[in-house]
Amino acid sequence: MTVQRFLGAAWASVHGASDPRRLLVSVLEARFAGLGTSQAPRPLDWVALRAAAADLPFAFAPVRVGNPLAEHSATRTFVSTKDGERDVAVKAIQQAAVTARQVGVPRVVLDLGVVPLFGDIEAEDLGDPSYTWTHERAAAIRARAHAGRNGALDRACRALFGVVKSMPDIEFCVTQSRSARALVEPSTLQDLFEDLHHLRLFYWHDAALAARREQVFGEAQGEWLERFGNRCRGLSLGDASADGLYLPPGAGGVDYAGLASYVPRTGAALPAVVELDTGVPPAELPGVRSCLDKFGL
């Protein structure tokens, strides 16, 4: 097995039992190694969950800052021009680090927020099925975001340097955002890693977001792993289309065969968290497993 497969906490909190022990057992019975760790629609007590897992063959995945299914990420203001707004994002990262220590997995996954824009924004959520992304709409908001890219990248480097240095016991991984004006795209991430090359800073691949960015911006989803595969410390698995994000694998445009080709065949198993929209019913789980099994994921 080249990956260790986890079930996302956001979906599990809605469809799973409220009792910690029963929730953990149900995850194992669904043939997952454990839970992805993040905020969820129904708050989870991670201390109680870890205690309940003491005598079970149960694992916890690295902590993703905020709720991955939410329209706006918890680190949305990480590169804001306002100190107070940046502080809000840093506090969310600090809270994720607390959770990481509680579950005993010292790794935190975060996106770097959105490039601040002046004026109105018609839409930015790539997962909103009610909005039709045309080439013109995508190009317009991307051009506006690129105008503020350099300043936002500079603030991201300074803020991330402070965060990483302040928590030396935590390993940090940068991932994609569902916003059309996200700072993180292949070119900015390359610049970030080059600027902060001396830090223990890694990459986390969100397959659904990479695929959705390809659909909207024409940005090849494989480029992320081509550039950053050597830094990759884990995966978020789900699918994407104009109907939304975190669909069951196989229901959208994720290139799972291509994704699987970047997964190491030797060494420690790569954590792979299956993130599903809460509208996906439990009856879909066997099909999810079957699709991922087909590709060795």
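So, here's what we can say about the structure. (Residues numbered from 1 in each chain as written. Predicted model: local features only at pLDDT ≥ 70, side-chain atom pairs only at ≥ 80, totals over all residues. Heavy atoms only, no water.)

So, the packing of helix α6 (residues 149-166) against helix α7 (residues 186-195)
Note the following rule: To get an axis, fit a line to the C-alpha atoms, keeping to the stretch in contact for a helix; angles then go from 0 to 180 degrees between the N-to-C directions. Numbering of helices and strands runs from the N terminus, with a helix taken as a DSSP run of H or I at least four residues long and a strand as a DSSP run of E at least two residues long. In this scheme, roughly parallel covers angles under 35 degrees and roughly antiparallel covers those over 145, while 65 to 115 is roughly perpendicular and the rest are oblique. Handedness of a crossing is defined here by the sense of rotation of the near helix relative to the far one, left-handed for an anticlockwise turn of less than a right angle and right-handed for a clockwise turn. Should any heavy atoms of two residues lie within 4.5 Å, those residues are considered in contact. Gly is put with the polar residues, along with every residue not named as nonpolar or charged; the nonpolar set is Ala, Val, Leu, Ile, Met, Phe, Trp, Tyr, Cys and Pro, and the charged set is Asp, Glu, Lys and Arg.
Two elements in contact, α6 and α7, have axes whose closest approach is 10 Å; the angle formed by their N-to-C orientations is 40 degrees. What the angle tells us is that α6 and α7 run oblique. Of the two elements, α6 crosses α7, and the hand of that crossing is right-handed. Contacts between α6 and α7 involve Arg149, Leu153, Ala156, Cys157 and Leu160 from the first element and Ser187, Thr188, Asp191, Leu192 and Asp195 from the second. Its residues placed into classes, the contact of α6 with α7 shows five nonpolar, two polar and three charged.

Examining empty space enclosed by the protein
Counted only if it meets this: Note on definitions: the grid is 1 Å and covers protein atoms alone; a cavity is a set of points where a 1.4 Å probe fits but cannot get out; a pocket is an open set with protein on both sides within 12 Å along at least five of seven lines; lining residues have an atom within 4 Å of a point. Grid points are joined across faces, edges and corners, and a volume is the space filled by probe spheres set on the points.
Following the criterion strictly, the structure yields four cavities of 30 Å³ or more and no others. Forming the boundary of the largest cavity are 20 residues, of which Arg64, Pro68, Ser73, Asp111 and Gln176 lie nearest the centre. Per-class residue counts for the lining of the largest cavity are eight nonpolar, eight polar and four charged. Counted as a void, the second largest cavity has a volume near 70 Å³. For the second largest cavity, the full set of lining residues is Val115, Arg142, Ala145, His146, Arg149, Ala180, Ala182, Leu183, Glu185, Thr188, Arg213 and Phe217. If you list the elements that add at least two residues to the lining of the second largest cavity, you get α5 (135-147) and α8 (207-217). A per-element tally of the lining of the second largest cavity places α5 first, with three residues. Its residues assigned to classes, the lining of the second largest cavity shows six nonpolar, two polar and four charged.

Description of the layout of surface pockets
For the largest pocket, the calculated volume is near 290 Å³. Of the residues contributing to the lining of the largest pocket, the split by class is five nonpolar, four polar and six charged. Put simply, the second largest pocket is a space of about 220 Å³. If you trace the second largest pocket, you find 17 residues lining it, with Ser38, Gln39, Trp46, Gln95 and Thr99 closest to the centre. Grouping the amino acids of the lining of the second largest pocket by side-chain chemistry returns nine nonpolar, seven polar and one charged.

Re the sheet that holds strand β5 (residues 171-174)
Where strands meet in a sheet, backbone hydrogen bonds hold them as pairs that are either parallel or antiparallel. Quick note on the threshold: Pairing between two strands requires that DSSP report at least two bridges joining them.
Spatially, the eight strands close up into a barrel ordered β1-β2-β3-β4-β5-β6-β7-β10, and their pairing is parallel. Between one strand and the next, the sheet's axes are offset by a mean angle of 35 degrees, whatever the strand orientation. Pairing geometry for strand β6 (residues 201-206) and strand β7 (residues 232-237), over three bridges, is parallel. Its bridge partner lying in β7, histidine 205 is registered against leucine 235.

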